[in-house]
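Take a look at the letters that make up each chain.
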Amino acid sequence: MQVKGCCSHDCPDSCAWIAQVENGRVTSVEGATDHPITRGILCAKVRDYEERLTAKDRLLYPLRRSGPKGSGQFRRISWDEALAEIADRFHAIVVEHGGAALLPYHYYGSMGTVQRLAPMRIFHALGSSVAQGGVCGVSGAALMDEGHPVGVDPEQGVDARLIIVWGQNTLSTGHHYWHFIDEARKKGARVIGIDPRATRTMRRCDVHLAPRPGSDAILAAALGRHLLETGRADLDLAAMWVADLDAYRRAVTPWTFEAAASATGLSAKSIESFAEEFATASPALIRAGVGLQQARNGDEVVRAISALAILGGHWRHPGGGLSIMTFPAYSPQAAERSDLRQNEPRVVHGAKLAQVLTDKTLSPAIKGLMVWSANPASTQLDTPLIRKGLLRDDLFTVVAEHFLTDTARFADIVLPATTQLEHVDVQLAWGHQYVMANNPAVAPLGEARSSGAIMRGLAGALGLNHPAFRESDEEIAASTMPAGWSYAELLAAGWRKAPVSRPSLKPRERKLSIAPGDLTLAPLPADQLQLLSPKGHYFLNSNFANMPRQRQSERRPTLKMCARDATERNLVDGAPVTVKSNGRSLSLRMAVSPEVRSGYVALDGKWWNDEAGANELTASLWSPAGQPAYNEVYVTVEATT
Ligand SMILES: Nc1nc2c(c(=O)[nH]1)N[C@H]1C(S)=C(S)[C@@H](COP(=O)(O)OP(=O)(O)OC[C@H]3O[C@@H](n4cnc5c(=O)[nH]c(N)nc54)[C@H](O)[C@@H]3O)O[C@H]1N2
Ligand SMILES: Nc1nc2c(c(=O)[nH]1)N[C@H]1C(S)=C(S)[C@@H](COP(=O)(O)OP(=O)(O)OC[C@H]3O[C@@H](n4cnc5c(=O)[nH]c(N)nc54)[C@H](O)[C@@H]3O)O[C@H]1N2
Ligand code: SF4
Ligand SMILES: [Mo]
């Protein structure tokens, strides 16, 4: 039997898959050949998803902590016991401290509408605090909220004449986009890549520019200056769309090719050729990534890049513009039923969980935490501080998970969650314009339950009676369908495009701000190296670091360093090294690698904390919009003695 589903991981591609089921077992999971983005292939992470379903370390029963917090000691309990205990504790917290002392925390571990949002119904009804502010692409999202267009249908991207892959490792992090790049190339397009690392993606571009990390807004300013100086900026479009062109002009004036060269470490000549190619391409498409945003100046970087897409006039032509995130016209929000809430929620910052859990002035303090579809003790900044919060004796923590992750280890109660092969769902994509549906391939293994089933169980234990708490997962999914859509039809089809029109070329009521603030960069701290922690090819954020095949392929946690920085430190290829920052340290192997240049090193992949979690070293730093500055950590590296 073949079952139509989709990959729920946090990835722009949202692939359509076919699960092959024989005698009640999933024997393979393969990309749907007829899906316009997936085209028959999954990725190196997900291509044997049936292994995740049946992994030896999969959580299949509710657990109750039986040792000290964080010890990883648990004993099996029944669902009735688990739900009764959670309900008792949550109820007592609400009575004693008020609903605001409860905090639900979820992210895009599953992008599924039901898996992500169904439990929110409980928290709205209990009047909990809510976490706002993400850990991914926050600078881009803030830019979008200001009204900047940030999405281009990839199927239109084939008409671009110049594609700039800016701070994105496309071939690892969303490789289906490369089909469109290849098609554009066949029609004559050129591809320029901008990344401090010589990734597999950069190696496939026509030109690779490797600027100093964090210097992209300066590079963009030099291109903007060139457009204005040579009279090729689209001043008509700017007049219709932009609020502060004069301020922009003043801000970019100092950034000659030479000035930009000394700040970015690129040659003035290479910047000039890039600027000239950008000024003449019609249209250019800028495909910007998330790694690029992960610094305190991330907001400035995406603004500077958006300014280029506008001033270059690239939005005038199909296929041109800026693509950071591209969504279908579908909103999952109705699934959380915020109408069940009777108060204005207290809002805490979702990307500052360490601070929220340890803030002694927060009143009421968070006393009850439920985490699902996220692994913040691995993926947020400053994980030692998060652990300090999770270790609080007066905090009751519930985690719904597939595995005993860095976060689940700190739970008082662990609930076994279903995987995408065991539940029904629907989801948006953030790299294309299809709404994706997922049919369950098999019944839940062990006693695993979907987020919807967890919501219904908890509502029963809490005595919540509204009909919204009795809705099935299918009904929850159906409640989010765009007008005129049928969920049953979507499930049968597997996907449906909900296209979003391109931005109108008319004068805007709400004009856009493109002028950057001060772009100068602080010099690097002496003797220190900047640590980048980009995505691993075989892991998806913290997922798969526990799976044998993916681990074997990712090999081991490795600090990549250029030959010059290695020689300066008397380090040889393969040496065990101690990487230190702010009094913390990680033990890694070092590899001399041409992938990075002097001044910065890279640790790919979210290894779990006991092994080599990069966030053991990251500091509590955010951009003004709240983007966590994962890449702004400076380390010393020495041979382990
Ligand atoms: N240093 C550093 N840190 C980073 C980044 C970086 O580049 N460097 N990247 C950042 C980015 S871009 C992101 S998006 C975040 C990701 O941060 P998170 O969303 O916290 O990370 P994931 O690893 O995707 O973890 C999701 C968890 O959800 C669980 N899960 C998956 N499906 C389901 C489900 O259906 N139900 C339930 N209950 N659980 C499920 C998985 O088992 C997994 O443990 O990490 C950020 N952290
Ligand atoms: N294999 C794999 N795929 C994934 C994920 C994964 O963990 N693994 N995670 C998924 C998620 S949640 C996301 S958000 C996307 C992210 O997708 P990407 O944005 O492609 O991922 P990153 O690896 O975070 O960053 C991309 C590149 O930015 C570069 N970079 C870092 N700092 C700078 C800078 O200052 N300037 C420039 N120009 N480049 C810089 C890094 O070297 C890196 O190669 O991928 C998704 N897909
Ligand atoms: S992780 Fe991304 S590329 Fe891989 S199967 Fe899932 S959606 Fe497709
Ligand atoms: Mo992300």
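Residues numbered from 1 in each chain as written. Chains lettered and ligands numbered in written order. Predicted model: local features only at pLDDT ≥ 70, side-chain atom pairs only at ≥ 80, totals over all residues. Heavy atoms only, no water.

### Let's talk about the sheet that holds strand β2 (residues 16-22)
Inclusion rule: Strands pair, by our definition, only if DSSP identifies at least two bridges between them. Here a helix means four or more residues in a row that DSSP labels H or I, a strand means two or more in a row labelled E, and each is numbered from the N terminus. Here an axis means a line fitted to C-alpha atoms, over the contact stretch when the element is a helix, while the angle between two N-to-C directions is reported on a 0 to 180 degree scale.
One open sheet accounts for 3 strands, arranged β1-β2-β3; its pairing is antiparallel. Two strands bound the open sheet, and with one partner strand each, they are β1 (2-6) and β3 (25-31). The average undirected angle you get between the axes of adjacent strands in this sheet is 30°.

### Some remarks on the pattern of salt bridges
To keep things clear, this is the line we draw: Any Lys or Arg side-chain nitrogen found within 4 Å of a carboxyl oxygen on Asp or Glu counts as a salt bridge. Whether a residue is buried, partly exposed or exposed follows from its accessible area with a 1.4 Å probe, protein chains only, as a fraction of its type maximum: under 20%, in between, or over 50%, in that order.
Applying the stated rule across the entire model yields 32 salt bridges. As a salt-bridge pair, Asp-48 and Arg-549 come within 2.7 Å of each other at their nearest N and O atoms. Here Asp-48 is found in the loop between β3 and α1 (50-53), whereas its partner Arg-549 is found in helix α21 (residues 548-554), with 501 residues between them in sequence. Glu-146 is the partner of Arg-303 in a salt bridge, and the nearest nitrogen-oxygen pair spans 2.8 Å. One end of the pair, Arg-303, is in helix α14 (residues 298-311); the other, Glu-146, is in the loop between α5 (138-145) and β8 (162-166), with 157 residues separating them in the sequence. Using a relative accessible area of 13% as the deciding quantity, one classes Arg-303 as buried. By sharing partners, the salt bridges in this structure join Arg-121, Arg-337, Asp-339 and Glu-471 into a single network.

### Things to note about the pairing of strand β23 (residues 584-592)
Two strands pair when backbone bridges link them, and strand β21 (residues 558-561) and β23 are joined in this way by 4 bridges, in the parallel orientation. Residue Lys-560 lies in a different strand from β23, and its bridge partner there is Ala-591. Two strands pair when backbone bridges link them, and strand β22 (residues 576-581) and β23 are joined in this way by 6 bridges, in the antiparallel orientation. Of the residues in β23, the one forming a bridge with Thr-578 is Ser-587.

### Concerning the packing of aromatic side chains
Keep this limit in mind: Aromatic rings from Phe, Tyr and Trp, with only the six-membered ring used for Trp, were paired whenever their centres fell within 6.5 Å, and each pair was classed as stacked if the ring planes differed by under 30 degrees, edge-to-face if by over 60, and tilted otherwise. We count a charge as sitting over a ring when the NZ of a lysine or the CZ of an arginine lies within 6 Å of the ring centre and within 35 degrees of the ring normal.
In total, this model carries 9 aromatic pairs according to the counting rule given. On the numbers, 6.3 Å between centres and 75° between planes, the contact of Tyr-49 with Phe-544 is edge-to-face. Residue Tyr-49 is located in the loop between β3 and α1, and its partner Phe-544 is located in the loop between β20 (529-532) and α21; the two are separated by 495 residues in the primary sequence. Both residues of the pair, Tyr-49 and Phe-544, belong to the buried class. Seen in terms of ring centroids, Phe-539 and Trp-607 are 4.8 Å apart; in terms of plane orientation they differ by 80°. Their pairing is edge-to-face. Here Trp-607 lies in the loop between β24 (600-603) and α23 (609-612) and Phe-539 lies in the loop between β20 and α21, a separation of 68 residues in the sequence. When its relative accessible area of 2% is taken as the criterion, Phe-539 is described as buried. A residue is classified by how much of its surface remains accessible, and Trp-607, at 1% relative accessible area, is buried. Pairwise contacts between aromatic rings join Phe-90, Phe-123, Trp-372 and Phe-396 into one cluster. Arg-76 extends its terminal NZ or CZ atom over the ring of Tyr-61, reaching a point 3.6 Å from the ring centre.

### Regarding the site of ligand 2
To be explicit about the condition: We call a residue near a given molecule or strand whenever any one of its heavy atoms falls within 4 Å of it. Polar contacts here mean pairs of N or O atoms no more than 3.5 Å apart (in protein, one a potential hydrogen donor and the other a potential acceptor; neighbouring residues in sequence count only if both atoms are side-chain atoms). Each residue gets one of three labels, nonpolar for Ala, Val, Leu, Ile, Met, Phe, Trp, Tyr, Cys and Pro, charged for Asp, Glu, Lys and Arg, and polar for the others, Gly among them. Domain ranges listed in this record stem from an automatic or a database domain assignment.
In the neighbourhood of ligand 2, 31 residues make up the surrounding shell, with Asp-195, Asp-216, Val-290, Phe-539 and Asn-541 lying closest. Between a nitrogen atom of ligand 2 and a main-chain N or O atom of Phe-539, the distance comes to 2.5 Å. When grouped by side-chain class, the residues that make up the shell around ligand 2 number 12 nonpolar, 13 polar and 6 charged. Taken domain by domain, the makeup of the shell around ligand 2 includes at least three residues from each of domain 2 (139-323) and domain 3 (529-639).

### Focus on the site of ligand 3
Rules: Grid points spaced at 1 Å and placed over the protein atoms alone form the basis of the search, with a cavity being a set where a 1.4 Å probe fits but cannot get out and a pocket an open set showing protein on both sides within 12 Å along at least five of seven lines. Lining residues have an atom within 4 Å of a point. Each molecule is checked against the cavity or pocket grid, and it sits inside if more than half of its atoms lie within 2 Å of the grid points.
Lining the immediate surroundings of ligand 3 are Cys-7, Cys-11, Asp-13, Ser-14, Cys-15, Leu-42, Cys-43, Lys-45, Val-46, His-176 and Leu-540. One can see that ligand 3 is located within the largest cavity. Of the residues assigned to the shell around ligand 3, the class counts are 7 nonpolar, 2 polar and 2 charged.

### A word on empty space enclosed by the protein
Cut-off, in case you're wondering: Grid points are joined across faces, edges and corners, and a volume is the space filled by probe spheres set on the points.
In the structure shown here, the tally under the stated rule is 3 cavities of 30 Å³ or more. One number sums up the size of the largest cavity: a volume of about 110 Å³. Among the residues making up the lining of the largest cavity, the classes are represented as 7 nonpolar, 4 polar and 2 charged. For the lining of the second largest cavity, the per-class residue count stands at 5 nonpolar, 3 polar and 2 charged.

### Considering the domain arrangement of the protein chain
Put simply, the test is: Pairs of residues are marked as contacts when any of their non-hydrogen atoms sit within 4.5 Å. Reported buried area values correspond to the accessible surface (1.4 Å probe) lost by two parts on association, with both partners' losses combined.
As assigned here, the protein chain comprises domain 1 (63-135 + 334-429 + 442-482), domain 2 (139-323) and domain 3 (529-639). Computed from C-alpha coordinates alone, the two centres of domain 1 and domain 3 are separated by 30 Å. Between domain 1 and domain 3, the contact holds 20 residues from the first and 19 residues from the second. The largest per-residue losses of area from domain 1 upon contact with domain 3 belong to Leu-381, Asp-382 and Asp-406, which jointly make up 33% of the total buried on that side. Linking domain 1 with domain 3 are 2 salt bridges. Salt-bridge contacts for Arg-387 lead to Glu-616; the nearest nitrogen and oxygen are separated by 2.7 Å. Taken together, the connections running from domain 1 to domain 3 amount to 16 residue pairs in polar contact (both at pLDDT 80 or more).

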